[in-house]
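Structural overview for review
Read off the chains here:
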Amino acid sequence: MKNPNRLVLANEKVASLGYSVLAVLLVFTSCTFGEQSADLAIQNVTLIDAENGVRVAQTVVVTGGNITAVLPAGEPVNATETVDATGQYLIPGLWDFHVHLTYDQRFTEAMPGLFLNHGITSIRDTGGPLELVLPAVQAIRDERTAPRVFFAGPLMDGEYVVYDGNNMPLLGIGNPDEETARANMARLADAGVDFVKIYEMVTPEVFAVLVEEAESRGLPMDGHVPLSMQARDVGPHVQSLEHLRNIEMDCIADPGSSVAERRGLLANPDGLAGGALRSQLHGLYRIPSIVSYDEAQCSEVVASMMSTIQVPTLRLNAMALQPPFSRSDWTEVLEKLPTAAAEDWSAQGGGSMSERNTDTTFPDWSLFLVGLMHEAGVPIGAGTDTPIGLAAPGYSLHSELEMLVRAGLSPMEALRSATIRPAEFFNLQDEMGTIEPGRLADLVLLGGNLLDDITLSRSVQAVVTKGQFLDRSELDALVR
Ligand SMILES: [Zn+2]
């Protein structure tokens, strides 16, 4: 202890400060009790959330970034800002549960504004190198007017890395053995990742180590089904899976022989790069597996996924059924994007449909499997993979909701997939995902009822992000 006298003085100071704060509080509460002003009241609105259903004629009160009251519309409220939302619908802030902030750096800076512009108030970054993702995440977290962001860091790949930065963009890191896997997990945990994403080239042994290391740190696990494993052995150990990837390979009559063959190829006798090796296996096994679908085997696979959120990215998997460039508002969409990227996408979208892959075996399978899983009670999450595959940040989440409905979800269940499901992955379901007192104030005001028509999720009139109300013109000012 350097100077005990000084410490005593400091304590006295703290104590007297405490008394004066208390005195001020007493005066304050005695004057204003019962009429303390809230920040925001959204009045006479219809509430829609997937837990509480539909509540008509309500007023939602927001103070200090939280929902503090939900009242019948007539009740008097003293708020700094009031919004008359007669005829409108209020839903919880949306998530895009599969985002790559740094995959195409022309988008990185524009993404937060584009997300809010479309009602997305939370995002999960599902893969990128730490040296790019950390600064991107920090920049978003430093901004008040930005979505909440959760990130994984690099894809945890195997000996051969698909996204290796040579033949493919750099997204992954190698985990050739268990020791490296443990060291990598320690490094990711130190960097503060919110979850871990396991990729397709890991061995079952490395997979087991990654699961063990993540569990011991309380980190949720996401991933693709590794090509060396059967989906039913992966599902129960991870909390979410992306793109339905490689699940078809376990939905066949003899999945054991298929996985044994794949392990032989994964030894990489031809010395291929990671990306080429993966493509070879997809080419050999994807469509043939779908064609020889086995119902009994697949119901076992589905049963193994009952507590694993499936993020099917149907917008991507089934893009041939509804290409983004064929949408009537595609030109408007491009106008909001960073110029260089928009020009590039415009050129890519210019090709006629006849020049494109019109085989719908995989798109149809993806819709079928989501329907099957949903019917069985498997949790579904809404993610887009933006900006991969012409997924416009923000806009594409609404396309995903449409595709989920096309696959068999009701509009309310689609809403659940973009609100409550993502919250559950991070164990945040008591903080977000519904409209109730005590929840974080992330909300979207819609002009139309998405329960009548899911495309009305696009009718965003205003957004509340971290308690801050942004009207349509303020939302438009966030994009180009
Ligand atoms: Zn992705």
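Within every chain, residues take consecutive numbers counted from 1 along the sequence as written. With pLDDT at 70 or above as the cut-off, local features in this predicted model cover only qualifying residues; side-chain atom pairs require 80 or more to be listed or tallied, and sums for whole chains, interfaces and linings still use all residues. Hydrogens and waters are ignored; side-chain quantities use all the structure's heavy atoms.

1. A word on unusual backbone geometry
With an omega dihedral of 5°, the bond running from T386 to P387 counts as a cis peptide bond. With respect to the element layout, P387 can be found in the loop between α14 (361-376) and α15 (395-406). Positive phi is not limited to glycine here, since H243 has a value of about 60°. Helix and strand definitions follow DSSP, with helices as H or I runs of at least four residues and strands as E runs of at least two, each counted in order from the N terminus. Within the element layout of this structure, H243 appears in the loop between β13 (240-242) and α8 (255-266). Unlike most non-glycine residues, N427 shows phi in positive territory, near 55°. Among the secondary structure elements, N427 is positioned in the loop between α17 (420-425) and β15 (443-446). When a residue's accessible area, from a 1.4 Å probe over protein chains only, is under 20% of the maximum for its type it is buried; when over 50% it is exposed; and in between it is partly exposed. Given the relative accessible area of 58%, N427 is considered exposed.

2. Digging into the packing of aromatic side chains
For Phe, Tyr and Trp, rings pair up if their centres lie within 6.5 Å, where Trp contributes its six-membered ring, and each pair is then called stacked (planes under 30 degrees apart), edge-to-face (over 60) or tilted (otherwise). Overall, the coordinates contain 16 aromatic pairs when judged by the stated rule. For the pair F107 and W345, a centre-to-centre distance of 5.1 Å together with 45° between the ring planes defines the contact as tilted. With F107 in helix α2 (residues 105-108) and W345 in helix α13 (residues 339-348), this pair connects stretches of sequence that are 238 residues apart. Residues F107 and W345 agree in their burial class; the two are buried. Relative to F426, the ring of F195 lies with its centre 5.8 Å away and its plane at 70°, an arrangement referred to as edge-to-face. Of this pair, F195 sits in the loop between α5 (178-190) and β11 (196-198) while F426 sits in the loop between α17 and β15, and the two are 231 residues apart along the sequence. We note that F195, like F426, is buried. Any Lys NZ or Arg CZ found within 6 Å of a ring centre and within 35 degrees of that ring's normal is scored as a charge over the ring. The ring of F195 has R124 lying over it, and the distance from NZ or CZ to the ring centre is 5.1 Å. Taking NZ or CZ as reference, R286 lies 4.6 Å from the ring centre of F362, over its face.

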